[in-house]
Structure formats: structure tokens, C-alpha cells
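Descriptive analysis of the structure
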Amino acid sequence: MNALGAAPGYRAPATLPLRVELVRQLRRRRTVLTLGFLALLPLLLLIAFTVGRDNRSRGGATLVDLATASGLNFVVFTVFSTANFLLVVVVALFFGDTVASEASWSTLRYLLAAPVPRGRLLRQKAVVAALLSLSALVLLPAVALAVGVLAYGSGDLVSPTGQSLDFATAAGRLALVPAYLAVHLAWVAGLALLLSVSTDAPLGAVGGAVMASILSQILETIEALGNLRDYLPTRFNSTWADLLASPIDWGHLASGAFSGLAYATVFGLAARHHFATKDITS
Amino acid sequence: MASLHQLARTRRQLAVLIAIGALLVATAAALTIRMVPDPPPLTAENVVIDVPGGPGVGTAVHLDATVYRPAAIPAPAVLLAHGFGGSKDSVSADATALARRGFVVLAWTARGFGASSGQIGLNSPDYEVADARALVDWLAKRSDVVQDAPGDPRVGVTGASYGGALALLLAGTDRRVDALAPEITWNDLAQALFPNNASQAPVTTNTPAAGASAPDGVFKREWAGYLFGIAAGSGTGGHDPCGRFRPEVCAAYVQAATSGSPTPEIVAMLHRSSPATVAGNITAPTLLIQGEQDTLFGLDQADATARQLAAAGAPLKVIWYAGGHDGGAPTVALRDEVGDWFDYHLRGIGTDPGTGFDYQVQALFGTRRGLPPRTVRAAAYPGLSKDPVQYREVVLHGSPQQVVRPPGGSPAALSSLPGLNAALAGGAPSAAGAASTDGVAMDLPGQSALFLSDPLTDPVDITGSPRIRLRVAATPSAATPTEDRAVLFVKLYDVGPDGRRTLPGGAVAPVRIGPLPRGGAPIEVTVTLAGVVRPVQAGHRLAVVVTTTDRGYAVPSQPAGYTVSLPGDASLALPVVPGQQAATPLPVVQLAGIGGLAAAVTALGMIAALRRRHGEEADPELAEVPLVVSGLTKRYPGGLTAVEELSFRVEHGQVLGLLGPNGAGKTTVLRMLMGLIQPTSGEMRAFGHQITAGAPALSRIGSFVEGPGFLPHLTGMENLRLYWAATGRPAADAGTDEALAIAGLGHAVHRRVGTYSQGMRQRLAIAQAMLGRPDLLVLDEPTNGLDPPQIHAMREVLRGYAARGATVLVSSHLLAEVEQICSHVVVMNRGRLVGAGTVAEIVAGSGTVSFTVDDPMKAAALLRGLAGVDVMDVGQRVVHAHLDGLPRAAAVSALVAAGIGVEGVATRQALEDAFLQLVGEEVVE
């Protein structure tokens, strides 16, 4: 026993090590299925492009033409078609489910009574959720790159407005895309975490964060809102494409990063405060 | 009870979700209120301004106008002209935006349109331009307009299409105009409506979009008819086919539409309505905006204006945007550029917009949401002062080809559909207006010749009007045309690797070549193709197609045949304008914001750490006491008091029963002991240390409260291992084997917990609570769901656990269980302590013992005779008596001595009596 009255060998900073939490999450089928699906998605797209090749409408160039112009373009298309919804769902899933599912299994109270201090529990869980989200954000373009290069070659990246970037430069730029998305989607993470500590229903937390994203995107289409739309968290969803301009246009990227981090900070602090003071009744 | 609890929980979740939703809405509302500054008050006043009718018009013309006044006056003025077929109302959004910036804005309906009287003179210097000058006079008399000199107001003029030409014509004829911003308009109306892009002489102009501008062009029939229809149809009824056009304008149109070629009179009239006549006089700063999707007034028109303005010495900025009469009115961002232009040149505020050249590169498949055009910024419009435009040469291949024009000029090739867009009315940009017209082009076999390049090795951004030299000869064998000049249409296609063609901008260059020698000898001409901005990818080819027909133009009806070929050294010259990608300014504010967030979070973290350091202090006197609860109270919001002023003490080595009916508050107490629920008041100390959420002292308490909690997808073994790993304590301290022995699950421990029965989970959970051999074991209803042998085993385990020096706290609503397991009891009812002590003390408190005897009547009589004993009740074989401190052994000896057979002495009933007495009679269990 030590001065704090703890059992021998107990140290609060040693509780719930990241490795343990990572094992707890990785052993879940949900985690494996999500990551597996993301790895499979580029293959599904490739099959869709191959099967649908003969059924194109006549007329001008299409997004699909551009997507198959090179392996790099295939990566951009893959990210383009997932950034606004699928990746939001994935981040919401990893963060929204993390505390709420423990509550629904009743394991939360035993972890807290172990005791894992509440702030630490939330932090360790957030870090692991962030690791899983980040690996999802990296996995998708990485697999897409491998699939794309095999299927469409290692040609230049051609932007929708006709700019070309050589393979090495473009690959470097593409490596920055997950980094931007990770920072920008932090708002989804924060909101999902807040909902996760506010409800015992994992579905409610995940769905709530996704709904918020959809709502924001709907509001974005209302032109009458004018500049107010700049304050919507999804406003800079597509800004990652600025990383592919030459030279990189950092203006909106910085806005998107700030927007994501600002919302994440507010939601994250609210989550922490709520979790630290709430009565655990699950 | 359980369903009630769930209901309460669901309600609570709902309340939390609603609270979060309300918070989001409130935040959004707060942002809305704070971020939208109150728009400065504006006044808009409708006025009718009378202007002289002009030559041949006896009466004054009444112009319907609106004056928009900003809050701060006097202010510089802006004249805002509308597009063809529009009115002052179609520019009201622009007028409001400019007035908000601080300009007095005068928007009026041009004569012949809307509520203004008079007839349409097509921006004639005698009529519409004179009207505009009269409006400047009118502004010169107003005290709310800044005056540079008496009779000379500070005024800018802007407008799109019809209004843009007016802006140029006014500025070219009235020196009082201080700045102008003409948009998507013409330079020479004769060349715009009768274009001829072929020149036998070399074209030497070295600006990017210069056209050949040869005379005697091909009538742009569809567009002209569309425009005529707009204005003629806007008449006040009646059946006059000329509508509100002036007679000479109407006559000119009728002549052109029926003959397909211009007379010198028509050319002269159109020329008078053209800025080309006066643009050489303009020295005011000019922002010239032209559209890249514009088959009515192409880039060549703005190019010609730019050359004239540059020669006159006007400060000039040129913008080509991804839109036009075929592709959408100028966007809000472009209109902001116009506002900035006037801000700087009329009010002297804002940054200098400079004299550069911006062009937008549209996404290859049109402007979609999320794919904005790329804006490229060049230091200057090439070819105006020094550096000429650069060309990239692409070699074309193709043998001489014969093309035929069918009689009547039909069927005809299709390049674009005029009037799909309302851009020319000068209204606000519409979301639907961004459709690309690249896709409609179609050529007909036999009518077209094709010249194709090799696949490009490098991508190229075509920026302006490509040039090519062609040879055209009359085919001798064909039916002899009565006219000896060849009408042809030349287009440039972007051809993808799969052979699909795209016609950038839907643009086509009509040419009229000749006269062609009768003998079939060719004439060589330079053709300036339609000006476009088009990124062509590497691997794509470029194709030049020459056709004999086009639906947009008046094609001669006589059949004809031509041979089209390339001169030996012919190549396609593509204009390119290098520039910098326009970028947003350095994101200083956002980066500072990110830094601020980091600082704020760090500061909060440090404050929290400091707070933690000033934590609780231990009470050394209680260091050996496993648990002291004093004054513990829990009130829930809403007034429910679950626990009130509860105090008790658990000493070392005790097995304490926390006894009470369901709903007595036992579980709430245990949850507070685990640090899960914050007490409203009072405190709990374990081994002298206060118990709070996550207090380190909790590591000495093993707990099992309100059912088991496991990860269902893992085995029992893995659950125990991961749980212990989560405590961060050494694996060797876990005592897993011992705990598993207690759980008694056998091989099932290697199965997923999801497959366990309730009892198995219960035992595994108790095993988990015993991991690390906690000094205090807290168990909530531990025998629930166990069968009798397991209950028996559990009792032995708990007794043995306490015997080793640990302490056990068991909550139960079952008297028998507490009586059999526990040494001490705390009885709770309705959140309050109603009794505490050893089991014996509690029993003694009521002191009732049940004797099972063979002769109850005799026994009762005997017991009544003993000092202090009070017989409560006599049953068939049982006597209940209150012994009041008399040892049971003494009572039994007395009975036996009297010859009464004693079969049993029980206290079970006694504790029940005590319990009922303590908690009140209303408990029905």
C-alpha cells in the first residue's frame, strides 16, 4: 500500500495501457469488418469500372474517365467518393462506439472501479479510436494506390481542371490527404465521443454524429445562408483536393484544419467534463 | 422494478440527447446572431427620369429607375445597366450589394424594355447612350453623390452583355465616367453577329484571343433570332412583328434573317452600336470580364476591346471566367471583384486590384459542386504592351478531303444550343446555369473533313484562340454553286484516348472564303478558331473538323462541294498563357487560431493537474478500517432521495451483510462505494482514504455490483486477463488460478462469454472481483441465479475469504442468506439505516427465538416462568419466545430439565421478525 491508499503495484498512469485497449477493440468483429471493407472497397470500384465500361453515356468526359486516367487518379476518385460520408461513418463508429458499447456491456463500471481514472479512460479510448480511424484513413488510399497502379498504371495525376503532377510528387501529396482528413474529421470524432459518454446506446452515438454531418451538408446546399455556411463543420470536407493543386493552396486547408480542431476541442472538452462528473448508472 | 429502472434510464438518455441537440441549435443561433452584422440601412427609391427622345422622336422618354442610397452620403455613384430583355429589377441584387459597399447605385430600365417608354435602338449613340449621358447629368445634380467638379459626378458604370456594351459606349463618349466594369459583351456587333474567322492575309495580332475579324461574315442566325424574339415578344401586345424595336433595327434584322448576309447599311448600323467605335477614347480604369462558355460574344470580342483600351492608355484588368452566355452569369466572387474595382478606383479603399489577367480553367466535366474552376493569374494580358502571347505548335495529319453542302443546308451539324441559359438577362447567377455545353456537338458524314494530331506527349492548357492554315478549293464536279465564296465551319475537338470527342465551349469558327477560282485551284487562309480555355491531357489528340453546315448559322441553301486540305507545313498553333495559380492569402488567422486552441487545451490540462495534486488527505486513524461511511446522502435531480444520512462502519475481518428490501438504496450505496456515483453529501473512507471517482484506494476493493459485465466476444479467460491488464498491476498479483477455481467453470472458461448461462457469468464476475485478492470485497446479491449447491459453495468461499483477514460486504434482500453468511448486519430501508450490529445483536434486539418442541403448551408455560422471558406465540409444534438476554442454552436446559423434547432452536425466524420490526410491517417479500 502506498501513500494514496492504493493496492501494491497499482499506479493510475499505468491503467488501461494503449496496448490493452487496442487488443480489446481489435478483437471485435466490428473493427475487423470495417477495416476489411475499406481495404475491399477499391477492388469493388475497380470491378464496377471494368464491368460498366461499355455502358457509358455519350457526350463529354465524365468523372469516371478521369478516375481511370491513372492509378493516382483512381486513388483520388476513391477518396472523393468516400470522404463526405463513408469516412465520416468510420470515424463516428470508432469514436461513438467506444464508451457507449462498454456501458451497454456493463464493463464500464468495472473498468472505472478497477479503478481506471475517468479522464484517463476517455483519453486512452480516444487515442485508440484515433489510431483506428487513422489506419482506416491510410488504409483506403494505400490499397487504392496499389489497385490503381496495377490496373491503370503509374501515369501522371491529372486534376479535374487538367493540371498534371508527376507520380513522385503526386504520391507525396496524396500522403498528406489522410493527414488533412484526420485533422478535419476531428470534429466528427469529438462529437461522437461526446455522444458516446452521453448515452448507453452505441448506435445512438454513432448515428448522432453521422446525422450531424448529414444535416450540416444539407444546410451547406442552402445558398441563402451565404457566408454563414463557412461555419458549418462540413464546409471544408472537399478541401483536401487543394493538396493536389500546384502549388498547394494552403488557405482553405488551414481553414478546414482550424474548423475541425475548433469543433473537436469544444466537443472533446464537453465530453471530458460530462464524463468526469456524470453518475455511471449503466 | 427492473423495467422501471430501464424506463428511467431511457428517459435520462433522451434528456441528454435533447440537451445536446438544444446546445447545437443554440450554438448555431448564437453564431448566426453574432456573425451576421446588421446590414447597414439602405434606402431604395423608385424614380422616373425623363430624357430627350433623340433624333426622330418628338417626345421625351420616361426611364423607370431605382436609386439605392447607402447610409453614408455623399458617396460615389455607380450606373448599373441590365442585360437584353431584362429590367432594373433583374439587377437589384447587384445594386443592393454595391449600395451596401457604400455607393449610390442608379439602376434603370433601358428604353424599350419593361416599364420604360421608347423603342429599342440597340445601344445606339443617339438613343441609349445619350440616355446614359443624361443619367450622368442627373447624378451631377444630386447632393448625395460625390462631385469631382460642377456637373461632373464621381461615377462608375457596369453591366453585363447589353449593359456591358452600354458601359463601354458611355465611357467612350463621356469623359466623366471614372471607372467601368463591362461584362460578357461585344466589341463589334457586326463581327459578333456576322463572324468571319478566315483571313487570306496573315493574322499578325499577338493577343491570345484575337479573331481574324474579316468582313462579310456568316449570320449567327439562332442567337440573333433568339434575341430578337426576346425583345419583340416583350411588347405591350398587338401583332407587330417588330415589337418594341425601332423600325430601322427591325428592318435590318428582317433583311439579315431572310437573306443570311449583311448589307452595308446593316453593317453600318451595327457598327454604330459597337464599343469598337469609341473604345479608343477610354482612359478610365476598366475591369473587362468575358466568359469562356460564350458562343454569342466570344473571347475575341473582349480581346479586341482590350487592345483598344490598352492603346488608349486605360488601366486594364482582364478576367475570363468559366461561364458566359452559354455557361452561367458571373459568379458572386466575380461580382465582388467588380465591387473591389469600384472601391479602389472610385473610393480609394481596399487593395489595388492591379492590371493583370485572370482566367479560369473549368473542370474537364463541367463545374460541379466541390470542383470549382482553377483560377490562373498572369501579370498582364499578353500582347498589349510588350510580351506577345506564346504558341505551342501541334502537327496535324490528314489528306485532302471532299465535303459537300446538301441543298437547303440541311441536315446540319450541331455545335451548341443558344439561349439555354438566362445569363444574358443579367440576373443573379443561377445554380442550374453552370451546365456545360461541351457535350452536344455532332458532325454529319460527307459534310465534314477531319485533321488529327498525334497523341500529345505533354498536357497543354489552350488559352485563347488557336490558329491554323487551311487550303480550300471548289470541287469542279459538284453542282456549280451560284455563289463563289465558300461558307465553312471550323471546330477544334479534344479527342480522348477512347476516341470520344469534346468540343470545348461548344464553340465554332464560321468562315467565308473566296472568291474561289473556278478551275479548282485552292485558296490558303489563316483561320482563327473560337477562343477557349481548355486543359488537354497528355495522351489526348486534337482534331480540327471543317464542316459545311451548322445549325446555329445561316447556311447558303445552294448545294456545293469543296476540297479541304492542309498546307504542307501546317500546324495548329495553340495559345498558352503561363501564370501562377491564384491562391488564397497566407492563412495567418487560421494558424493563429490553431495555436490558440493548443494553448487553451494545454492551460486547461495544467489547471486540472494542479487541482489533482491538491487532492484529499488520508485519515491515519482509519488506516486499518476497511470502510467507514458517514452521513452519506444521495439525492437525484427531481427530488428522489435514494440514500439519506447513512453511516456505518465495516471492521477488519468482518463479513457484513447490507440488508434491505428492494429499493432500499443498497445498490446506490455500493455504486457510491465504487466511485461510480457522486454522493450529494457525506463521505466514504476505505482504509482511511476518501473514496471518489477513480480514487486509488478503489484498487483495494474488489466489486461485483448489479450483475456481471464482460466483453461478449471474448472467452471468460481472456476477459479476466484483459481486465487485470487494464488495472495496470503486475500479472503475478492477479491470482487468476485461485479466482478461476472459485468460479468453477472448468473448460467453459475457454468459451466465448456470449455463450454462458446467467449463473456462469455470475460466478465469473465474482471471480473477477476477487482478482488481486482485494482487502475489501463488495458483492451485490452474489447468490442470485446460483443453484443450492453453488450457493453453499459460495458461502464457504466468502467465509474462507474473510477468515484469511480480508473483509467482505454482501448486500442482499434475502434474510436467510445474510444470516448464514454474515457476522454483522446493516439494515437499510428507504435509504436510511434502520439497524446495525452483529447478527446476534440484531436478533437480541428483538430477542425472539423459536423452539420446536413436542409439547408446546407445557413449554410455553415453563418459559413464561423464566425471568424476563416473554412468550410471543404458540404454534402447533413451535413456541416463539422473547428471551431478553437469557442465553438460549439456559432456556433449552430448562426445557429439557422439565422433560420436554426439544427438536430445534432457530433464530432464522427471529431475524425475520427483527427485520420486519426494523423496516416496518409494510414490506411484503
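These lines cover the structure that appears in this document, whether it is placed above or below. (Residues numbered from 1 in each chain as written. Chains lettered and ligands numbered in written order. Predicted model: local features only at pLDDT ≥ 70, side-chain atom pairs only at ≥ 80, totals over all residues. Heavy atoms only, no water.)

1. Points about the overall build of chain B
Along its length, chain B carries 21 helices and 41 strands. With 925 residues in all, chain B has 54% of them scored as buried. When contacts within chain B are restricted to residue pairs at least 6 apart in sequence, long-range pairs at least 24 apart make up 76% of them. Element-wise, carbon and sulfur atoms account for 57% of the exposed surface of chain B, whose accessible area totals about 37,500 Å². (Helix = DSSP H or I, 4+ residues; strand = E, 2+ residues; numbered from the N terminus. Buried < 20%, exposed > 50% of the residue type's maximum accessible area, 1.4 Å probe, protein only. Contact = heavy atoms within 4.5 Å. Areas by Shrake-Rupley, 256 points an atom, 1.4 Å probe, with all protein chains shown as cover.)

2. A short note on the overall build of chain A
Summing up its helical and strand segments, chain A has eleven helices and two strands in all. In chain A, which comprises 282 residues, the share counted as buried stands at 57%. Taking the contacts inside chain A whose residues are at least 6 apart along the sequence as the reference set, 78% of them involve residues at least 24 apart. Total accessible area on chain A stands at roughly 10,700 Å², and carbon and sulfur atoms take up 69% of it.

3. Considerations on the interface of chain A and chain B
Contacts between chain A and chain B engage 83 residues on the former and 87 residues on the latter. Between chain A and chain B, the buried area comes to about 6,900 Å², and carbon and sulfur atoms account for 62% of it. Between Arg27 of chain A and Glu718 of chain B there is a salt bridge, with the nearest N and O atoms lying 3.0 Å from each other. Seen at the junction of chain A and chain B, the total is 15 residue pairs in polar contact (both at pLDDT 80 or more). Of all elements in the fold, only helix H1 (18-26), helix H3 (63-67), helix H5 (86-105), helix H6 (107-113), helix H9 (186-198) and helix H11 (250-277) of chain A reach the threshold of two or more residues within the side of chain A that touches chain B. With 14 residues, the single largest contributor to the side of chain A that touches chain B is H11 of chain A. Of the residues belonging to the side of chain A that touches chain B, the class tally is 44 nonpolar, 23 polar and 16 charged. (Buried area = accessible area lost by both parts, 1.4 Å probe. Salt bridge = Lys/Arg side-chain N within 4 Å of Asp/Glu carboxyl O. Polar contact = N/O pair within 3.5 Å; in protein donor to acceptor, adjacent residues only side chain to side chain. Nonpolar A, V, L, I, M, F, W, Y, C, P; charged D, E, K, R; others polar.)

4. Some thoughts on the sheet that holds strand S3 (residues 77-81) of chain B
Residue and element names in this part refer to chain B. As summarised here, the arrangement of the eleven strands in space is S1-S2-S4-S3-S7-S8-S10-S11-S12-S13-S27, forming an open sheet in which the pairing is mixed. Two strands close off the open sheet at either side, each with one partner strand: strand S1 (43-51) and strand S27 (580-581). For S1 and strand S2 (residues 61-69), the ladder comprises nine bridges, and the chain directions are antiparallel. If you follow Thr43 over to S2, its bridge partner there is Arg69. Docked against the sheet, helix H2 (residues 92-101) engages S2, S3 and strand S4 (104-108), running at close to 45° with respect to S2. In this fold helix H10 (residues 332-347) packs onto S3, strand S7 (155-160), strand S8 (177-183), strand S10 (286-291), strand S11 (316-321) and strand S12 (357-361), with an angle of close to 170° to the strand it touches most, S8. (Pairing = 2+ DSSP bridges. Axes fitted to C-alpha atoms, helices over the stretch in contact; angles between N-to-C directions.)

5. Let's talk about the nonpolar core
Counting residues in hydrophobic clusters, the biggest one holds 159 residues, and the most contacted among them are Leu181, Trp240 and Phe275 of chain A together with Leu627 and Leu798 of chain B. Every residue in contact with Leu798 of chain B, bar those within four places of it in the chain, is listed here: Val655, Met770, Leu777, Leu779, Val808, Val810 and Ile821 of chain B. Leu135, Val157, Ala302 and Trp320 of chain B belong to the second-largest nonpolar core, a separate cluster that totals 54 residues. (Core = buried A, V, L, I, M, F, W, Y, C linked by side-chain atoms within 4.5 Å.)

6. Notes on the packing of helix H7 (residues 118-152) of chain A against helix H8 (residues 167-184) of chain A
All names here are of chain A. Where H7 contacts H8, the two axes come as close as 8 Å, and the packing angle between them is 155°. What the angle tells us is that H7 and H8 run roughly antiparallel. Handedness of the H7/H8 crossing: right-handed. Along its contact with H7, which presents Leu134, Leu137, Val138, Pro141 and Val149, the element H8 presents Phe167, Pro178, Leu181 and Ala182. (Parallel < 35°, antiparallel > 145°, perpendicular 65-115°, else oblique. Left-handed = near helix turned anticlockwise from the far one by under 90°.)

7. With respect to the environment of Leu711 of chain B
Mapping Leu711 of chain B onto the fold places it in the loop between strand S33 (701-704) and helix H13 (716-727). Given a relative accessible area of 2%, Leu711 of chain B falls into the buried group. Spatially, the C-alpha atom of Leu711 of chain B lies 8.8 Å from that of Arg752 of chain B, the residues being 41 residues apart in sequence. The residues touching Leu711 of chain B, leaving out its near neighbours within four places in the chain, are Arg24, Glu102, Trp105 and Thr107 of chain A together with Asn719 and Val753 of chain B.

8. Digging into the sheet that holds strand S28 (residues 627-635) of chain B
All names here are of chain B. Read across the open sheet, the four strands follow the order S29-S28-S31-S32; overall the sheet is antiparallel. Strand pairing shows two members of the sheet lacking a second neighbour, strand S29 (641-650) and strand S32 (689-690), which therefore form its edges. The sheet contact formed by S28 and strand S31 (residues 681-686) spans four bridges and is antiparallel. Bridged to Val629 within S31 is Met684.

9. What to know about the pattern of salt bridges
Residue and element names in this part refer to chain B. In this structure the tally under the stated criterion is 47 salt bridges over all chains. Ionic pairing is found between Arg512 and Asp216, a salt bridge with its closest N-O pair at 3.9 Å. Of this pair, Arg512 sits in strand S21 (residues 509-513) while Asp216 sits in the loop between strand S9 (198-199) and helix H6 (221-233), placing them 296 residues apart in sequence. Arg501 is paired through a salt bridge with Asp443; the nearest N and O atoms lie 3.1 Å apart.

10. With respect to empty space enclosed by the protein
All names here are of chain B. Taken as a whole, this structure holds nine cavities of 30 Å³ or more when the rule is applied. The volume enclosed by the largest cavity comes to roughly 360 Å³. Along the wall of the largest cavity there are 36 residues; nearest its centre are Lys220, Asp294, Thr295, Val508 and Tyr553. Elements supplying a minimum of two residues to the lining of the largest cavity: helix H5 (189-193), H6 and helix H9 (299-312). In terms of residue count, H9 provides more of the lining of the largest cavity than any other element does, three residues in total. By residue class, the composition of the lining of the largest cavity is 14 nonpolar, 16 polar and six charged. (1 Å grid on protein atoms, 1.4 Å probe; cavity = no way out; pocket = protein on both sides within 12 Å on 5 of 7 lines; lining within 4 Å. Points joined across faces, edges and corners; volume = space filled by probe spheres on them.)

11. Some points on the state of the cysteines
Residues and elements named next belong to chain B. If you walk through the whole model with that rule in mind, you get one disulfide over all chains. Covalent S-S linkage joins Cys242 and Cys250, the inter-sulfur distance amounting to 1.7 Å. Taking the sign of the S-S torsion, -75° for the link of Cys242 and Cys250, the bridge is left-handed. Overall, Cys242 belongs to the buried group, its relative accessible area being 18%. (Disulfide = S-S within 2.5 Å.)

12. Focus on the side chain of Asp152 of chain B
All names here are of chain B. Topologically, Asp152 is positioned in strand S6 (residues 152-153). Although Asp152 is buried, it makes no salt bridge; Arg176 carries the closest opposite charge, 5.3 Å away. In contact with Asp152, other than residues within four places in its own chain, are Ala140, Gln147 and Arg176. (Lys, Arg positive; Asp, Glu negative; His and termini not counted.)

13. Focus: unusual backbone geometry
Residues and elements named next belong to chain B. In this structure, the amide linkage connecting Ile73 to the following residue, Pro74, adopts the cis form with an omega of 0°. Considering the arrangement of structural elements, one finds Pro74 in the loop between S2 and S3. A cis amide bond links Ser410 to the next residue, Pro411, at an omega of 0°. For Asn123, which is not a glycine, the phi torsion comes out positive at approximately 55°. Inspection of the secondary structure assignment puts Asn123 in the loop between S4 and helix H3 (128-140).

14. Some remarks on the side chain of Asn237 of chain A
Residue and element names in this part refer to chain A. Structurally, the position occupied by Asn237 is in the loop between helix H10 (202-220) and H11. A polar side-chain atom of Asn237 sits 3.2 Å from a polar atom in the side chain of Asn84. If near-sequence neighbours (up to four positions away) are discounted, Asn237 is found in contact with Asn84, Leu181, His184 and Gln217.

15. Quick notes on H7 of chain A
An ideal rise of 1.5 Å per residue puts 51 Å on 35 residues; H7 of chain A measures up with 50 Å between its terminal C-alpha atoms. Two residues or fewer past H7 of chain A, Gly153 of chain A is found with a positive phi of approximately 85°. (Expected span 1.5 Å × (residues − 1).)

16. Notes on the packing of aromatic side chains
What characterises a pair of aromatic rings is the spacing of the ring centres plus the angle enclosed by the ring planes. Residues and elements named next belong to chain B. What the rule picks out here adds up to 21 aromatic pairs over all chains. Between Phe228 and Phe245, the aromatic rings sit 4.8 Å apart at their centres with planes inclined by 0°, giving stacked as the arrangement. Of this pair, Phe228 sits in helix H6 while Phe245 sits in the loop between H6 and helix H7 (247-259), and the two are 17 residues apart along the sequence. Look at Phe228 and you get buried, because its relative accessible area is 13%. Aromatic rings pair up to connect Phe84, Phe113, Tyr162, Trp186, Phe194, Phe219, Phe228, Phe245, Tyr253 and Phe297 into one cluster. The side chain of Arg501 reaches across the aromatic face of Tyr493, ending 5.1 Å from its centre. Its guanidinium or amino end placed over the ring of Phe687, Arg700 lies 3.7 Å from that ring's centre, counting from NZ or CZ. (Phe/Tyr/Trp six-rings, centres within 6.5 Å; stacked < 30°, edge-to-face > 60°. Lys NZ or Arg CZ within 6 Å of the ring centre and 35° of its normal.)

17. Overview of the pairing of strand S24 (residues 541-547) of chain B
Residues and elements named next belong to chain B. The buried count for S24 comes to six of seven residues, which makes it a mostly enclosed element. Where strand S16 (residues 448-453) lies against S24, five bridges are found, and the strand directions are antiparallel. For Ala449, the partnering residue across the bridge sits in S24 and is Val546. As paired strands, strand S19 (residues 486-495) and S24 are joined by seven bridges and run antiparallel to one another. Within S24, the residue paired with Leu492 across the bridge is Val544.

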